[in-house]
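# Secondary and tertiary structure notes
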Amino acid sequence: MNTDCTKHSAGVSARFRIAVALFVVAVIAPVSADARAVPLGGGAIADQIPGGPALLLVPQHSVPMFSLTVIVPAGSALETPETNGAAHYLEHLLFNGTTTRTRERIYADGDLLGAYNNASTQREKTVFQLMLPSENWREGLRLQADMLLHSTLPPDMFEKEKGIILEELAKDRSDPGYDARLFAERVLYGEDARSLPVLGTEESIANMDPAALAAFYRDRYHPAGMTILAMGDFPVSELRDELTALYGGRDGTPDPLPPRPDFPAGAELHRMEAAGLGSVELHLRIPLPGVSGIEDHAAASLLATVLSEGETDGITRAVTAATGAAPHSAGASFDPGDPWSVLRISADLPADVGVDAARAAISAVGAHLAKLASTGVASADLETARLAFAVEEISYGEKMHYYGLMRADLLAVGGPTAPNALLDAVGQATRGDLARVLAGIVADGRVTASAAGPGMGDGTEAIGAFTAGKGADWLPDAAEATTPRIDLSPRPMVESPVFRRAALPGGATLIVHATPDSRTFAAHALYRNRSARERATGVPSGTTDILHRMMALGTETMTRDELRGRLAELGATLKTTDSDWIPYDDYSFTPEFSYIRLTTIDSFGADAMALLGEIVRSPRFDQETLRAAMSTAVARAAKDAGSPRSLAWTLFHDTLGEGHPLADRVHGDLAAGSVTLDAARAHHATYFHPSNLILSVSTSLPPEEVIRAATDAFATRAPAPTAPGGASFRPAPAAGRTEAVLETGREQSRILVGSTLSVDPADEPALRMAVAVLSERLADRLREKEGLAYSIGASLRLDEPGACVRLIAGTRPDNLPRMEEGMLEIARELAETPPTAEELDGARNRGEGRRRMRRLSRIGMAYSLGMAEFRGEDPAALDEDLPALRAVTPEDVARAAATYLTLEDYTCAIAR
């Protein structure tokens, strides 16, 4: 075995630790800790409340937000087929009433505090997340503790929550990939409770026993079993005292979770026929030792990153070489646990690959791992994986509630000091450490694989997965022994917030927002008139999506692997399209625009801007790249064609009138071969011309440096193409109720009720608050009281052309008549029943809290700046509308509702 098994020099490890510390110091002010707390550096401390939870406190005083994550050892691992879904059912009930608060009071208090208050149930834990403006930290802390520790599990709410959970289950089961993901977990966990669906089944939820839930609550929601992570702007000593008073001094501890079952013996492929899936989902699960030492976790985490992102060591290359078809997506992740952990490797293959290709992909991955165990991981890949970890830490730190969710496994397994210990272990990990993990994989030989999709059939067969051979030939015979130095030292940054707006040569608009509170560099490139320019160019609808996908597959000077390698060298994350298999990831893709995002750290800001410019200007135009991009675009278009959510949205806006800007399908009606290389080139030349670009950047770098880099990357002397003509939306004539229905055959339907609007600008603040109040009333009555929906709300479009109001819900087909009736009742009642002052304050504070939350990360701020410019607003004054919103009275809301929300003439669009 040719590997470098020596430890890094102290200098290399120190460079990493110092670099990451610089990330932290930028946003965390030092604090004092008392004798029982464990200082972790940068002001963070770990603590243990006597008779209560373990604590990790991470103050970030530059951010006016507070986040509290509570991890409870309660998940589906504790269930039986009869009680399946109990942990998730209980999570829902905890929002419904305590010994001192009704459900209405819980929601009203959260709204008044401007809080995001949510939870997620998983197999081995339930994670509760609270985020709110930091001035309200104490009240938010007490609200969450009351819910978790003093719930009455109100009996009158039991049936209502049953309906909501059944709607949530129907929503998930409407996703073609739901059964495939459950199948993969059944293959891994067998008869163990961890193989059960976290949401439960229709039968188990319908027959859930309230007494069993009450026992579950008493057994699992003991403070001594919890772990709490606090991040943001808060006084550490006062917070610790408050947590001690709320959670401390309890007797006893909950029983540990049942151990994971034995990992399946041998090596097997389990196949499931799923004709409607639209692709073949391939999952490999490989056992690793339980995380008894943080070094194992660090090595396994870095290995997963190397397998996903390394230029020479990526599994995408192995699968492509073996099957002749590039996967739509591929990656690896590490799932820590005891007594074994899991290396998860997944690939999403084209639907027509066949069973033999799935077998070949598994063999290629096995050969790839065996070859890596022999040659060792390349030093460059190890260092870029280390860099990726560092950048990930700062990215998670910006989105505080997200950090709690993503590090919940580590905190639950390793305790509050584990994240800091992992950071240190990642800095010290060597090629030898990764080789040890790989050697263990090869020697063990166990792997369980699942393949679900069209043409897979149903069955189980033996496989051999760890013989080095064809499929790993590009790997070097010996990885280099030297370790490249990656300079993470910070660049000169601004001392106070600065805003600049500039017009670049060629017509691009650049917006720069520079502040000294984070080292992240985030660039958001927004291109306007997505569907309109497709029509002007004469290309098929969805061509823009193909071009976006091509941009991730290489440039004129870089192959796909070389581009991936360059991104890894910069610690950069590139997003050229939304994630195809993550529901609701497409919230900011519409027919009116598209975007490309690149994030890294300030050390690489100028280089990242240059790379972004090359990616957009010069994608690799060849048949192979076009075919690969078109394959994934066609699969996504087919997925949308069966999505009630997507279909109802398009149907509603199309029915409002001819030419509505939101009536086009973002992903079009693409078919294989429908876009030629010449057509793609022609559309690229017009759509991605700098004159169509709004480039927004959030950074700590001086604006002048960003302007120079953007000018070099995006300036052009090429003449601007003729812009498409203005939108020609013609509203449909008023005609009472207009219905449009599409049959989808899914378990859950989507309904939109609404109408076009012509709004007096003076009425806009009151109308916005009226719709915010309406959204909450819809959720309160039709979700919380009647249990007819999992997701429901109201939204408002004020942009012209096509201003409209929309009432939106997902519900099962049998509920559609009552849902429509209820939506209309509640909208019309608002004019007669104005909100109370408290209800209005809650809607207003909730909106302001969400606004702060969206801008916590640099990329969120860049998106907000770009969207303001796109809508014709002033990016330098993002909150100039707040005084007018705060001045709205209940009477103003009633007048706006009477004028705009009676819905006498309305459209009802249903994807059933």
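In the block above lies the structure referred to throughout.
The element strand 20 (residues 693-699) is largely enclosed, with a buried count of 7 among its 7 residues. By the alternation rule, side chains of strand 20 split into L693, L695, V697 and T699 and I694, S696 and S698, which are all buried. Bridge count for strand 16 (residues 520-528) against strand 20 is 6 bridges, and the pairing is antiparallel. By the bridge assignment for strand 20, A523 is matched with V697.

So, about the nonpolar core. A general tendency of soluble globular proteins is for nonpolar side chains to be buried together. Judged by nonpolar contacts, the single largest core of 55 residues is most densely connected at I546, M609, L695 and F714. Those residues in contact with M609 that lie beyond four places of it in its chain are F521, L695, V697, V706, A709, A710, A713 and F714. With 54 residues, the next largest nonpolar core counts I294, A299, L382 and M456 among its residues.

Glancing now at the sheet that holds strand 11 (residues 340-350). Strand order across the open sheet formed by 6 strands is 10-11-9-12-8-13, with mixed pairing between neighbours. Every interior strand has two partners, whereas the edge strands, strand 10 (329-335) and strand 13 (459-462), have only one. When strand polarity is set aside, the average angle formed by the axes of neighbouring strands in this sheet is 15°. In terms of strand pairing, strand 9 (residues 279-289) meets strand 12 (residues 447-453) through 5 bridges, oriented antiparallel. Within the sheet, the bridge partner assigned to E281 lies in strand 12 and is A452. Each of strand 10 and strand 11 is contacted by helix 11 (residues 315-323), which is oriented at about 135° to strand 10, the strand it contacts most.

Bringing the side chain of R806 into the picture now. Turning to its location among the elements, R806 is positioned in strand 25 (residues 804-811). Despite its burial, R806 pairs with no opposite charge; the closest candidate is E592, at 7.8 Å N-O. Within the local environment of R806, its side chain forms a polar contact with the side chain of H653, the two groups lying 3.0 Å apart. For R806, the contacting residues outside a window of four places in its chain are W649, F652, H653, L662, V753, G793, A794, S795, L796 and R797.

This part takes up helix 9 (residues 236-247). Between its first and last C-alpha, helix 9 extends 16 Å over 12 residues, near the 16 Å set by a 1.5 Å rise per residue. Within the span of helix 9, buried status applies to V236, L239, R240, E242, L243, L246 and Y247. Looking straight down helix 9, one finds its buried side chains confined to an arc of 165°; they lie on one side. Residues of helix 9 that are exposed and point more than 90 degrees away from the buried face comprise D241 and A245. In this structure, the buried side of helix 9 is in contact with strand 2 (44-48), strand 3 (54-59), strand 4 (65-72), helix 4 (137-149) and strand 7 (227-232).

Okay, the environment of M406 next. Within the fold, M406 resides in helix 14 (residues 400-406). Each C-alpha atom, one on M406 and one on E784, is 29 Å from the other, the two residues being 378 residues apart in sequence.

Another point: the packing of aromatic side chains. All told, the structure shown has 13 aromatic pairs when counted by the stated rule. On the numbers, 6.1 Å between centres and 75° between planes, the contact of F128 with Y221 is edge-to-face. On the criterion of sequence distance, the pair formed by F128 in strand 6 (residues 126-133) and Y221 in the loop between helix 8 (210-220) and strand 7 is long-range, its members being 93 residues apart. Of the two residues, F128 and Y221, both sit in the buried class. Measuring from centroid to centroid gives 6.0 Å for Y189 and W340, while their planes differ by 25°, and the two rings are stacked.

Here is what the cut-offs are and how they apply
- Residues numbered from 1 in each chain as written.
- Predicted model: local features only at pLDDT ≥ 70, side-chain atom pairs only at ≥ 80, totals over all residues.
- Heavy atoms only, no water.
- Buried < 20%, exposed > 50% of the residue type's maximum accessible area, 1.4 Å probe, protein only.
- Helix = DSSP H or I, 4+ residues; strand = E, 2+ residues; numbered from the N terminus.
- Pairing = 2+ DSSP bridges.
- Core = buried A, V, L, I, M, F, W, Y, C linked by side-chain atoms within 4.5 Å.
- Contact = heavy atoms within 4.5 Å.
- Axes fitted to C-alpha atoms, helices over the stretch in contact; angles between N-to-C directions.
- Lys, Arg positive; Asp, Glu negative; His and termini not counted.
- Salt bridge = Lys/Arg side-chain N within 4 Å of Asp/Glu carboxyl O.
- Polar contact = N/O pair within 3.5 Å; in protein donor to acceptor, adjacent residues only side chain to side chain.
- Expected span 1.5 Å × (residues − 1).
- Arc of directions from axis to C-beta.
- Phe/Tyr/Trp six-rings, centres within 6.5 Å; stacked < 30°, edge-to-face > 60°.

Note that every value here comes from positions in space, so none of it alone points to a role or purpose.
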